[in-house]
Amino acid sequence: MTHFSDRVEQISISGIRKVFEAAGEDAINLGLGQPDFPAPDHARQAAIEAIESGEADGYTENKGLQSLREAIAAKHRRDQGIDLDPDDVIATAGGSEALHIAIEAHVNQGDEVIIPDPGFVSYDALTKLAGGKPVPVPLRDDLTLDPDDVEAAITEDTAAFVVNSPGNPTGAVSPPEDIEAFARIADEHDVLCISDEVYEYTVFDGEHRSPIEFAETDNVVVVNSASKLFSMTGWRLGWVYGSSRRVERMVRVHQYVQACASAPAQFAAEAALTGPQDRIDEMTETFRERRDLVVDGLEDIGLRVPTPKGAFYAMPEVPEGFVDECIDRGVIIVPGDAFGENGAGYARLSYATDTDSLREAIDIMREAYDAVV
Ligand code: PMP
């Protein structure tokens, strides 16, 4: 009899994939979670030079190139005022691997991990792979995570809770007082806060803050990535940082699952971090315009949609049958329950696509809405 691990049998291919498979080739795809901008030229050039010179041929240090980790530390010093030692950073194969090693290094068999619901699909799956138990916490009406609800969900088995602001699939940005509360909860209850900040640069209203700015203990680790910050999803380069003792545990996992992040991608990310940053504001402005267009369009159709304050997703409440009607008519959106039980009755749409397609998609969604109500 074929033998598979109980852990792998608990997880399945994400619901997002199924939606893509159901859609025709010329569909308007509002299902994708990646920015529709090219990677910065200077990042591409740095990789090309590193490849041509042979510098990118060998393994790097497990944690990544010293120069890359210095660039990451400088970035967080600049943006959050965090005094980060480059030795306390691990370059990873995207934020995805960063989440994996953070959870693997901190979660024991049977430990609970509190996750936002709806939330990014990896939190649930990676917790199960580590032998832990995901504890989903529903969101407020505005789709932010309530620190009181996180605190109430803590038990003696809680190993960690995940905070994701700006959020996928919601576009919600937690206000600074909530971020401060998450830090206090991590401190007072002695549980780890895993703060997934991969959409850090895409904030329209309010500002991005990190629990690590407020925490008095070392109970926060931060996940970030070049994927969304610099529109480099295919390069697979992210990072995780925290205290030395936590990094030392995470690098044990990283060493065996990855050895080191791809060297050409490390050179590219270093250039993205140290080169001109003017494109970031441009990207955010473009997303803001599209956010306005999408929110106006959805409200005009008659849907309730909490105004997204960041990332590039909107999550309207939708009537029964709406998602299928959209997909049948050639607009791909993702049913909210792909992101957790409490996502039922919502849909996620990504506006990482041009405004003409967004306008066309809104017209089609109006027809889909009329067909089901
Ligand atoms: N966290 C969140 C909230 C995400 O949406 C994603 C990508 N969709 C990731 C982490 C991982 O991204 P990557 O591995 O490309 O850095």
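Residues numbered from 1 in each chain as written. Predicted model: local features only at pLDDT ≥ 70, side-chain atom pairs only at ≥ 80, totals over all residues. Heavy atoms only, no water.

Named according to an unreviewed UniProt entry, the chain is Aminotransferase originating from Haloferax marinum. UniProt, in its Sequence similarities (unreviewed entry) section for the chain, records the words "Belongs to the class-I pyridoxal-phosphate-dependent aminotransferase family." For the record of the chain, the UniProt heading Cofactor (unreviewed entry) holds the text "pyridoxal 5'-phosphate". (UniProt positions renumbered as here; feature names shortened; annotations may be inferred.)

All right, on to the pattern of salt bridges then. Throughout the structure, instances matching the rule amount to 25 salt bridges. Where E248 meets R249, a salt bridge forms, and the shortest distance between an N and an O atom there is 3.3 Å. By relative accessible area, which is 35% here, E248 ends up partly exposed. Residue classification places R249 among the partly exposed residues on the basis of a relative accessible area of 39%. (Salt bridge = Lys/Arg side-chain N within 4 Å of Asp/Glu carboxyl O. Buried < 20%, exposed > 50% of the residue type's maximum accessible area, 1.4 Å probe, protein only.)

Our next topic: the domain arrangement of the chain. Domain annotation for the chain reports domain 1 (6-39 + 278-372) and domain 2 (41-274). In this complex, domain 1 contributes 37 residues to the contact, which on the side of domain 2 involves 35 residues. Summed over both sides, the interface of domain 1 with domain 2 buries roughly 3100 Å², with 59% coming from carbon and sulfur. Looking only at domain 1, the three residues that lose the most surface to domain 2 are A39, K309 and F339, adding up to 21% of its buried area. Taken together, the links from domain 1 to domain 2 amount to one salt bridge. For R291, the salt bridge goes to D205, with nearest N and O atoms at 3.1 Å. The tally of links between domain 1 and domain 2 comes to 19 residue pairs in polar contact (both at pLDDT 80 or more). Sorting the residues of the side of domain 1 that touches domain 2 by element identifies α1 (6-9) and α13 (278-301) as the ones contributing at least two each. It is α13 that provides the largest number of residues to the side of domain 1 that touches domain 2, a total of seven residues. (Domains from an automatic or database assignment. Contact = heavy atoms within 4.5 Å. Buried area = accessible area lost by both parts, 1.4 Å probe. Polar contact = N/O pair within 3.5 Å; in protein donor to acceptor, adjacent residues only side chain to side chain. Helix = DSSP H or I, 4+ residues; strand = E, 2+ residues; numbered from the N terminus.)

Before going further, it helps to spend a moment on the sheet that holds strand β11 (residues 334-335). Sheets are built from strands that pair by backbone hydrogen bonding, the pairs being arranged parallel or antiparallel. The three strands lie next to each other as β9-β12-β11, forming an open sheet whose pairing is antiparallel. Two strands bound the open sheet, and with one partner strand each, they are β9 (313-314) and β11. Pairing analysis gives two bridges linking β11 to strand β12 (residues 347-350), with the strands arranged antiparallel. Opposite V334, over in β12, you have R348 as the bridge partner. (Pairing = 2+ DSSP bridges.)

Inspection of the region around the ligand gives 14 residues, with G95, S96, D196, S225 and S227 positioned closest. Between the ligand and G95, the relevant distance is 2.6 Å, taken from an oxygen atom to a main-chain nitrogen or oxygen of the residue. R236 has a polar side-chain atom sitting 2.7 Å from an oxygen atom of the ligand. If one sorts the elements of the shell around the ligand by residue count, helix α5 (residues 94-106) sits on top with three residues. (Near = heavy atom within 4 Å.)

Residues three or four positions apart in an α-helix share a direction because the helix packs 3.6 residues into each turn. Between its terminal C-alpha atoms helix α11 (residues 244-257) stretches 20 Å, which fits the 20 Å expected from 14 residues at 1.5 Å a residue. Among all positions of α11, only R246, V247, M250, V251, V253 and H254 are buried. On its buried side, α11 packs onto β2 (89-92), α5, β6 (192-196), β7 (220-225) and β8 (238-241). Following α11 by one or two positions, A259 adopts a phi angle in the positive range, close to 65°. (Expected span 1.5 Å × (residues − 1).)

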